[in-house]
Amino acid sequence: MLCYQDPALAGGGGAKIGHRNPGTHTMNRFRYATSQIAVHWLAAALIVFLLVTGTFVLAEMPNTADKTGNFRMHMILGALAAVLVVVRVLLRRVKPRPPAVVAEKWAHLGHMGLNVLVLLLAMSGVALSLQSGVLAAVLGSAPLPESLDGWTLRKVHGLLTRLLMALVAVHVLAALYHQWVVKDGLLLRMRPGKHQA
Ligand code: HEM
Ligand code: HEM
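Note that the coordinates shown come from a computational prediction; the quantities given were computed from them, not determined experimentally. (Residues numbered from 1 in each chain as written. Chains lettered and ligands numbered in written order. Predicted model: local features only at pLDDT ≥ 70, side-chain atom pairs only at ≥ 80, totals over all residues.)

Visitor: Explanation requested: the confidence of the model for the protein chain in the structure shown.
Guide: Should the pLDDT be low somewhere, the predicted coordinates at that spot are not to be read in detail. Looking at the protein chain as a whole, its pLDDT mean stands at 86, while 83% of the residues score no less than 70. Confidence scores differ between elements of the protein chain, with helix 1 (residues 24-29) showing the lowest mean pLDDT of 53 and helix 2 (residues 34-58) the highest of 98. This model gives residues 1-26 a pLDDT under 50, and the stretch forms 54 contacts once residues within four places in sequence are excluded. (pLDDT = per-residue confidence, 0-100. Helix = DSSP H or I, 4+ residues; strand = E, 2+ residues; numbered from the N terminus. Contact = placed C-beta atoms within 7 Å.)

Spelled out as structure tokens, the structure:
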């Protein structure tokens, strides 16, 4: 059987853990379910990959036929990232919730922001590809449009990527701050590996 947390903390109703209060004992006991941990790290790797390759490869390439394969890969992985986010949100509804921390509201807002940005990115990406003819090119029925620079949706997609980069940076810094400064073991909640029986 999986052991997620001290029963006293179930349902998020546990004792609040102070910011400067190490609280290692209570914090360490909670682990996200294996499925949530797997989805978190798979989605994280995928999203970081899309942000880096989108910025430094896709956006930098001229729209020649060579780029079609890159577009195809970007679209498939982008759609997969959106599916993983939906799975993440569904899992969060059925799995035990983490015990409260003092900054819980901010953490929740931040997590929601990450999920919403990924979904908006996928939607704007699909809409842009449909409108500009990139999807038709990927499906083999037309050449790639010369440039996407004039499309408002291209600007929206680009802006959303910058917002997501900023929020991911805050998220990672917050996780490291908890781990190394507050020392409350927050990172262990997302540590892959066997749950204790
Ligand atoms: C989590 C999902 C996604 C992320 C993180 C992401 C990330 C990016 C990034 C970083 C860029 C370059 C932006 C820039 O430097 O201005 C980009 C461009 C683009 N993305 Fe996405 N994307 C995602 C989903 C999608 C999806 C699902 C589609 C289409 C179905 C798509 C279509 C495009 C297109 C057409 C471009 C323009 C490339 C160019 O100007 O040559 N994206 N994306
Ligand atoms: C790459 C380094 C990353 C680290 C070190 C990291 C670390 C963590 C940790 C420790 C938690 C648990 C926080 C808590 O219980 O309050 C968490 C949760 C979460 N992370 Fe990350 N994360 C990373 C990347 C990402 C990325 C790229 C995304 C999405 C864009 C993301 C989205 C989330 C979400 C939505 C949660 C809430 C838990 C859930 O609903 O599954 N993380 N992360």
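Following the structure, the description resumes.
Visitor: Would you mind showing me how to read the packing of helix 3 (residues 67-94) against helix 4 (residues 104-132) here?
Guide: Geometry of a packed helix pair, given as the angle between the helix axes and the separation of the axes. The N-to-C vectors of helix 3 and helix 4 enclose an angle of 145°; their axes lie 9 Å apart at closest approach. By crossing handedness, the relation of helix 3 to helix 4 is classed as left-handed. Here Met75, Gly78, Ala79, Ala81, Ala82, Val85, Arg88 and Val89 of helix 3 lie close against helix 4, whose contacting residues are Asn115, Val118, Leu119, Leu121, Ala122, Gly125 and Ser129. Across the contact of helix 3 with helix 4, the residue classes break down as 10 nonpolar, 4 polar and 1 charged. (Axes fitted to C-alpha atoms, helices over the stretch in contact; angles between N-to-C directions. Left-handed = near helix turned anticlockwise from the far one by under 90°. Nonpolar A, V, L, I, M, F, W, Y, C, P; charged D, E, K, R; others polar.)

Visitor: Even after reading the chapter, I still don't get the UniProt feature "transmembrane region" (unreviewed entry) in the protein chain, so can you show me in this structure?
Guide: The UniProt entry lists residues 37-59, 71-91, 112-139 and 159-182 under the feature "transmembrane region" (unreviewed entry), expressed in the numbering used here. Helix makes up 96% of residues 37-59 and strand 0%, whereas the separation of the span's terminal C-alpha atoms amounts to 31 Å. What you have in residues 159-182 is 100% helix and 0% strand, and the ends, taken at the C-alpha atoms, are 33 Å apart. (UniProt positions renumbered as here; feature names shortened; annotations may be inferred.)

Visitor: Quick question: what am I supposed to make of the site of ligand 2 here?
Guide: Surveying the vicinity of ligand 2 reveals 22 residues, the closest of which are Ala44, His111, Leu114, Ala175 and Met190. If you list the elements that add at least two residues to the shell around ligand 2, you get helix 2, helix 3, helix 4 and helix 6 (152-182). With 6 residues, helix 2 is the single largest residue contributor to the shell around ligand 2. Partitioning the shell around ligand 2 into residue classes produces 14 nonpolar, 5 polar and 3 charged. (Near = placed C-beta within 6 Å.)

Visitor: Sorry if this is basic, but what is going on with helix 3 here?
Guide: Helical geometry note: an α-helix holds 3.6 residues per turn, so side chains three or four residues apart project in the same direction. The first and last C-alpha atoms of helix 3 sit 41 Å apart over 28 residues, in line with the 40 Å expected at 1.5 Å per residue. Of all the residues in helix 3, the buried ones are His74, Gly78, Ala81, Ala82 and Val85. Among the structural elements, helix 2 and helix 4 are those in contact with the buried residues of helix 3. (Expected span 1.5 Å × (residues − 1). Buried ≥ 20, exposed ≤ 12 C-beta atoms within 10 Å, placed from the backbone.)

Visitor: Would you explain the packing of helix 2 against helix 3 in this entry?
Guide: In the contact formed by helix 2 and helix 3, the axes pass within 9 Å of each other and the chain directions differ by 150°. The orientation of helix 2 relative to helix 3 falls into the category roughly antiparallel. In this structure, helix 2 crosses over helix 3, and the sense of that crossing is left-handed. The residues of helix 3 that touch helix 2, namely those facing Ser35, Gln36, Val39, Leu42, Ala43, Leu46, Ile47, Leu50, Gly54, Val57 and Leu58, are Asn70, His74, Leu77, Gly78, Leu80, Ala81, Leu84, Val85, Val87, Arg88 and Leu91. In the contact of helix 2 with helix 3, the residues fall into 15 nonpolar, 6 polar and 1 charged. (Parallel < 35°, antiparallel > 145°, perpendicular 65-115°, else oblique.)

Visitor: Which parts of the structure should I look at to understand the site of ligand 1?
Guide: Taken together, 25 residues form the shell around ligand 1, and within it Gly54, Ala59, Gly78, Gly125 and Gly158 come nearest. Those elements that provide at least two residues to the shell around ligand 1 are helix 2, helix 3, helix 4 and helix 6. When residues of the shell around ligand 1 are assigned to their parent elements, the largest contribution, 7 residues, is made by helix 4. Residues that form the shell around ligand 1 fall into these classes: 15 nonpolar, 9 polar and 1 charged.

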